[in-house]
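Residue-level structural notes
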Amino acid sequence: MNSERPNIIFIITDQQRFDTIAELGFPYMETPNLDRLVREGTTFTNCHVTAASCAPSRASLFTGYYPHTTGVLKNADLWQHSWIEQLADSGYRCVNIGKMHSYPYHTPLGFHERYVVENKDRYLEERWYFDEWDKALRARGHVKQQREQYRQRDDYRQALGAFDWELPEDLHSDMFVGDMAKWWIETYPVTQPLFLQIGFPGPHPPYDPTPEYAARYMNKELPLLEVTQEELDAQPAALKELRQHNNEVDHDSVVLDLDPTEEQRHRQRAYYLANVTMIDEKIGEILRSLDQRGYLENSVVIFTSDHGDCLTDHGHSQKWTMYDIITRMPMIVWSPGRFEAGRRIDGLCSQFDIGPAILELAGVEPAADMEARSLLPALEGNNWQPRDYVFAEQARDGILTGTEFMTMVRSADWKLVHFLDQPDGQLFDLSADPDEVNNLWDSGDPAHQSKKQELLDELREWRIRSALSTHDLFADHR
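Quick look at the structure, then. Source: prediction; values computed, not measured.

**Considering the overall build of the protein**
Scanning the protein for helices and strands turns up 15 helices and 13 strands. The C-alpha atoms of the protein give a radius of gyration of 21 Å, which matches the 23 Å a tight globule of 478 residues would have. Dimensions along the principal axes, computed over C-alpha positions, put the protein at roughly 65 × 55 × 45 Å. Within the span of the protein, comprising 478 residues, buried residues form 63% of the whole. In the protein, the proportion of contacts linking residues at least 24 apart, taken out of those at least 6 apart, comes to 70%.

This is the structure:
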């Protein structure tokens with residue numbers, strides 16, 4: 001194994017559920033390149049994000065602190081610093097191609113070069129920010145498919161955000177980012193050590209594969225979680241309001257039908273999964289380009305996503321909830337000869353725990369007060385203790401309007417979701433109810449009430465420990 005500091009290739013998709021990689025047990029998927037990374041790498045199978053939307057999750061991932069510590073609690077909260085600055089200071093060439101969701105979007109964050117591609121359908125923040133993709137579309141004489149156009153369709157309110165990509169395939173956002181990454185790798189003089197972050201905009205909605213990719217999944221039988229009125233009635237008031245809001249307001253070109261048909265749900269799922277396969281093909285091409293340029297002789301490739309998507313499971317649209325289909329992320333680390341091939345690590349971890357591991361691989365000492373715990377011992381087969389609990393947070397924003405703050409605590413077997421100053425919440429026995437459809441918050445069983453109090457106590461202690469451990473974080477600014 002090369003003893004020099006490795007190149008680090010960090011690939012992040014947007015809104016990709018765990019159940020979207022064939023090799024991880026989902027045979028309806030067509031993901032040969034991600035399958036290869038799983039077979040030849042190490043996969044954390046119980047890895048959870050720390051926030052239920054893009055920017056808070058990413059700010060936490062790239063700082064090593066929880067959202068309540070970073071202050072980035074929702075999209076468009078100011079986020080300008082990250083541990084990427086430490087990599088750059090240590091001698092890494094740091095390059096971003098695609099999505100990071102910093103705010104403002106063009107914030108350096110420590111990168112020497114940024115080729116920004118942001119949300120496909122921007123509407124609430126930086127609507128008139130022209131990213132690399134916007135410029136390419138304009139140069140080719142095209143108008144980007146977006147909400148104003150989709151709204152003119154007769155089937156807009158029934159489509160659940162699923163639309164065919166009708167422009168040239170190479171101008172699709174994920175194809176564009178993949179091709180731009182290949183172009184940079186193949187054109188820029190080989191520079192090592194390299195930190196290359198590639199951010200795909202998909203499979204975040206609009207769910208917009210080309211017709212050829214969509215057809216491959218439209219012909220498949222796809223799993224759809226049954227949604228019952230009993231489950232919907234037992235959801236907290238904030239989530240009931242969220243459902244109504246997403247029916248009335250078309251975020252990201254998605255109108256939530258409150259009672260969609262099986263055909264509607266299947267079509268949405270097919271289009272979403274087709275977006276994943278489009279990304280998978282580009283990942284394969286990127287790996288080939290890296291190999292041809294000699295980068296893979298000494299590289300660590302990491303693949304993950306920033307959160308999942310309900311896709312009408314539990315009766316919800318997109319994120320802003322704390323179900324495992326939102327918080328549980330694929331986390332694959334691939335480096336043949338450095339880390340064991342075909343290994344699955346099932347212990348609980350938080351996604352931001354990869355941050356200090358990246359720093360350590362680069363020979364950089366993580367900050368002593370960093371709330372993330374390095375996954376490097378787990379990757380190296382050394383003494384590593386899974387987390388007893390993982391946590392996630394989300395503040396009120398333009399979508400989650402029914403609560404000021406939502407917090408999740410999850411152990412291996414139980415999950416609790418707390419809504420600030422509200423009497424209701426969610427409690428799930430994950431061993432008996434892995435799909436999280438039976439809310440035990442108001443259960444009359446004393447054992448359930450005891451477990452609820454235990455997890456509420458853990459939330460309290462976690463926030464107190466967090467405040468104590470990070471008390472010097474802004475010492476230089478006092």
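**Quick word on helix α15 (residues 446–469)**
Taking 1.5 Å of rise per residue, 24 residues should cover 34 Å, and α15 covers 34 Å from first to last C-alpha, within 8% of that figure. Those residues of α15 that fall on the buried side of the exposure criterion are H448, K451, K452, L455, E458, L459, W462 and S466. Check the buried side of α15 and you find it contacts α3 (67–70), β10 (390–395), β11 (405–410), β12 (414–419) and β13 (425–429). At the N-terminal boundary of α15, the capping side chain belongs to D445, with an oxygen 2.8 Å from the backbone nitrogen of A447.

**Digging into the packing of helix α5 (residues 132–139) against helix α7 (residues 173–187)**
Pairs of packed helices are described in terms of their axes, by the angle between the two and the distance that separates them. Interaxial distance between α5 and α7 falls to 11 Å at its minimum, and their mutual angle equals 100°. When the interaxial angle is binned, α5 and α7 end up roughly perpendicular. Where α5 abuts α7, its residues E132, W133 and A136 lie against S173, F176 and M180. Of the residues that constitute the contact of α5 with α7, the class distribution is 4 nonpolar, 1 polar and 1 charged.

**Overview of the nonpolar core**
A general trend in soluble globular proteins is that nonpolar side chains are found buried together. Core analysis: the largest hydrophobic core is formed by 58 residues, its most contacted members being I97 and I198. Among the elements that take part in this core, helix α11 (residues 262–292) stands out by supplying 12 residues, more than any other. Residue contacts for I198: discarding those within four places in its chain leaves I9, F10, I11, I12, I97, V177, A181 and I286. In this structure, L61, C94, I302 and L361 belong to the second largest nonpolar core, which totals 56 residues.

**Quick look at α7**
The end-to-end C-alpha separation of α7 is 21 Å, in line with the 21 Å expected for 15 residues at 1.5 Å each. α7 sits mainly inside the fold: 11 of its 15 residues count as buried. Turning to α7, its buried residues number three or more, namely S173, D174, M175, F176, V177, G178, M180, A181, K182, W184 and I185. Where α7 is buried, its residues touch β3 (93–98), β4 (113–116), α5, β5 (194–203), α8 (211–218) and α11.

What counts, and at which threshold
- One numbering rule holds for all chains: residues counted from 1, following each sequence as written.
- The predicted nature of this model means local features are confined to residues of pLDDT at least 70 and side-chain atom pairs, given and counted, to a pLDDT of 80 or more, with totals for whole chains, interfaces and linings taken over all residues.
- Water and hydrogen atoms were dropped before computing side-chain values, which therefore reflect all heavy atoms in the structure.
- Segments assigned H or I by DSSP are reported as helices when at least four residues long, segments assigned E as strands when at least two residues long, and all are numbered from the N terminus.
- Each radius of gyration reported is based on C-alpha atoms, and the globular scaling rule is 2.2 Å times the count of residues to the power 0.38.
- Each residue is assigned to one of three classes by its accessible area relative to the maximum for its type, calculated with a 1.4 Å probe on protein chains only: buried under 20%, partly exposed between the two thresholds, exposed over 50%.
- Contacts were defined at the residue level, with two residues in contact if any of their heavy atoms lie within 4.5 Å.
- Expected helix span is given by 1.5 Å per residue-to-residue step, counting one fewer step than there are residues.
- In protein, a polar contact requires one atom able to donate a hydrogen and another able to accept it; more generally it is a pair of N or O atoms within 3.5 Å, and residues adjacent in sequence count only if both atoms are side-chain atoms.
- An axis is simply a line fitted to the C-alpha atoms; with a helix, the fit covers only the stretch in contact. Between two such axes, the angle follows the N-to-C directions and lies from 0 to 180 degrees.
- Our angle categories are set so that under 35 degrees counts as roughly parallel, over 145 as roughly antiparallel, 65 to 115 as roughly perpendicular, and the remainder as oblique.
- We call Asp, Glu, Lys and Arg charged. Ala, Val, Leu, Ile, Met, Phe, Trp, Tyr, Cys and Pro are nonpolar, and the rest, Gly among them, are polar.
- Here, nonpolar core refers to any group of buried Ala, Val, Leu, Ile, Met, Phe, Trp, Tyr and Cys residues whose side-chain atoms link them within 4.5 Å.

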